[in-house]
Amino acid sequence: MSPGGAVAPAPVLGLWPPVAAGKRPKKAAVLFFEVEILDARTRDKLCFLDKVEPQATVADIKNLFSKARVPGVPAVLSLSPEGRSLKDEDVLQSLPVGTTATLYFRDLGAQISWVTVFLTEYAGPLLIYLLFYFRVPFLYGPRYDFTASRHRVVHLACCCHSFHYVKRLLETLFVHRFSHGTMPLRNIFKNCTYYWGFAAWMAYYINHPLYTPPAYGDDQVKLALAVFLFCQLGNFSIHVALRNLRPAGSKTRKIPYPTRNPFTWLFLLVSCPNYTYEVGSWIGFTIMTQCLPVALFSLVGFVQMAIWAQGKHRSYLREFRDYPPLRSPIIPFLL
């Protein structure tokens, strides 16, 4: 009994120190997790890790798995067999799992760095186009070996095509920052077939001895050149703006916004203006050369970039609740 005559509440039995009645004890912090890793395809148990610290990241778990299983195997981990891959920076205690976490392993197979793939797929078109431009032997017949076209648009087209791929090579080396270090090895064959094949097809017709210049002459060429250069500058400006969003060595994702550079103002209307400018460049090149293979290359490229843009747009909407609602993926107000 308390000094005032009131009866003090009895402590909850079995707890030390005693807890007053009506109050629940705080949940004890988890000291360690247990992590079970299963094969996503067969559901076979591959590894069991005990005493994993709560602050461990997915990258740490991958390293532990690699030491216990097969070192150096590129893989992704997910919370379900068909679920989305976990990010390397995700922390174990923040995942929706119990003290025994079950993760699913998927082998990525042979990998190759993004930089290697980009350098290879961009250097090819640059060199292939120049072979046709200089009309090396066995392309157009002996009488045309190492001859030059008499049409100015042919030389201008070579300059524009070369400028585009030199720009891409330099951006790969000095501008782009990749969130993923590698991609599947098979991609280099698929990408090179696309870029190299179209480059050869376009270059063959543009540099052919029987090539005819555009129907509207110099006016058409000048207009097309202006479109091409404008879009190339816009594309480069967007790449620089995206680079500045991500500090070196990090995978931080932020909402891209326009900067003082007027070319970046397209961010007000689309999520991926770099693709918008890229498509615009190839439309300009199509008008300049008036060549069917170039038009087909532009169309195929637009379809692929539209797919990429829609995927990135959905990712932005999913990740950022305050993402600007008026933006379209690639074409303002349409697509």
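Residues numbered from 1 in each chain as written. Predicted model: local features only at pLDDT ≥ 70, side-chain atom pairs only at ≥ 80, totals over all residues. Heavy atoms only, no water.

Turning next to the layout of surface pockets. Approximately 190 Å³ is the volume found for the second largest pocket. Arg152, Val153, Leu156, Pro213, Pro214, Gly217, Asp218, Val221, Lys222 and Leu225 together form the lining of the second largest pocket. Mapped onto the lining of the second largest pocket, the elements with two or more residues apiece are α3 (152-174) and α5 (217-245). At five residues, the largest contribution of residues to the lining of the second largest pocket is made by α5. Taken together, the residues of the lining of the second largest pocket break down into six nonpolar, one polar and three charged. (1 Å grid on protein atoms, 1.4 Å probe; cavity = no way out; pocket = protein on both sides within 12 Å on 5 of 7 lines; lining within 4 Å. Points joined across faces, edges and corners; volume = space filled by probe spheres on them. Helix = DSSP H or I, 4+ residues; strand = E, 2+ residues; numbered from the N terminus. Nonpolar A, V, L, I, M, F, W, Y, C, P; charged D, E, K, R; others polar.)

Below, the discussion takes up unusual backbone geometry. With a phi close to 65°, Arg43 is a non-glycine residue in the positive phi region. Of note, Arg135 is a non-glycine position whose phi angle comes to about 55°, a positive value. Its location among the elements puts Arg135 in the loop between α2 (114-133) and α3. For Arg135, a relative accessible area of 5% translates into the label buried. (Buried < 20%, exposed > 50% of the residue type's maximum accessible area, 1.4 Å probe, protein only.)

Next up on the list: the pairing of strand β2 (residues 45-52). Pairing of strand β1 (residues 33-39) with β2, which is carried by five bridges, proceeds in the antiparallel orientation. Bridge pairing links Val35 to Leu49 in β2. Once β1 ends, the chain turns through five residues before running back antiparallel as β2, passing Arg43 with a positive phi of about 65°. (Pairing = 2+ DSSP bridges.)

Read across the open sheet, the four strands follow the order β2-β1-β4-β3; overall the sheet is mixed. Every interior strand has two partners, whereas the edge strands, β2 and β3 (75-78), have only one. In this sheet, adjacent strand axes meet at a mean angle of 25° when their direction is disregarded. In terms of strand pairing, β3 meets strand β4 (residues 100-107) through four bridges, oriented antiparallel. Following the sheet pairing, Ala75 is matched in β4 by Asp107. (Axes fitted to C-alpha atoms, helices over the stretch in contact; angles between N-to-C directions.)

Within the structure shown, the criterion is met by 25 aromatic pairs. Ring centres of Phe132 and Tyr140 lie 6.3 Å apart, and the angle between their planes is 70°; this geometry places the pair in the edge-to-face category. With a relative accessible area of 12%, Phe132 lands in the buried category. Taking the relative accessible area as the measure of exposure, Tyr140 reaches 12% and is therefore buried. (Phe/Tyr/Trp six-rings, centres within 6.5 Å; stacked < 30°, edge-to-face > 60°.)

Further remarks concern the nonpolar core. Grouped together as the largest cluster of nonpolar side chains are 35 residues, with contacts concentrated most on Tyr129, Tyr165, Ile206, Phe285, Met288 and Phe297. Examining the composition of this core, we find that eight residues originate from one element, α2, more than from any other. If we skip the residues at most four places from it in the chain, Tyr165 touches Tyr122, Pro125, Leu126, Tyr195, Trp282 and Phe297. (Core = buried A, V, L, I, M, F, W, Y, C linked by side-chain atoms within 4.5 Å. Contact = heavy atoms within 4.5 Å.)

So, about empty space enclosed by the protein. According to the stated counting rule, one finds one cavity of 30 Å³ or more in the structure shown. Reported here for the largest cavity is a volume of approximately 30 Å³. Lining the largest cavity we find Tyr133, Arg135, Thr147, Ala148, Ser149, Val154, His155 and Asn207. Tallied by class, the residues present in the lining of the largest cavity amount to three nonpolar, four polar and one charged.

Below, the discussion takes up the confidence of the model for the protein. Reading predicted coordinates in detail is not appropriate for stretches of low pLDDT. The predicted model of the protein has a mean per-residue pLDDT of 87, with 89% of residues at 70 or higher. Ranking the elements of the protein by mean pLDDT puts β3 last with 78 and helix α6 (residues 273-289) first with 98. Across residues 10-15, where pLDDT falls below 50, the model places eight contacts with residues more than four positions away in sequence or in other chains. (pLDDT = per-residue confidence, 0-100.)

With that out of the way, let us pick up the side chain of Arg327. Along the chain, Arg327 turns up in the segment after α7 (292-319). Within the buried set, Arg327 has no salt-bridge partner at all; the shortest N-O distance to an opposite charge, 10 Å, is to Asp322. If we ignore the near neighbours within four places in the chain, the residues touching Arg327 are Ile255, Pro256, Tyr257, Pro258, Phe267, Leu268, Leu269, Val270, Ser271 and His313. (Lys, Arg positive; Asp, Glu negative; His and termini not counted. Salt bridge = Lys/Arg side-chain N within 4 Å of Asp/Glu carboxyl O.)

Attention now moves to the packing of α2 against α3. Viewed as axis vectors pointing N to C, α2 and α3 meet at an angle of 165°, and their least axial separation amounts to 9 Å. Considering the angle they form, α2 stands roughly antiparallel to α3. Handedness of the α2/α3 crossing: left-handed. Residues Val115, Phe118, Leu119, Tyr122, Ala123, Pro125, Leu126, Tyr129, Leu130 and Tyr133 of α2 lie in contact with α3, whose contacting residues are Val154, His155, Ala157, Cys158, His161, Ser162, Tyr165, Val166, Arg168, Leu169, Thr172 and Leu173. Grouping the amino acids of the contact of α2 with α3 by side-chain chemistry returns 17 nonpolar, four polar and one charged. (Parallel < 35°, antiparallel > 145°, perpendicular 65-115°, else oblique. Left-handed = near helix turned anticlockwise from the far one by under 90°.)

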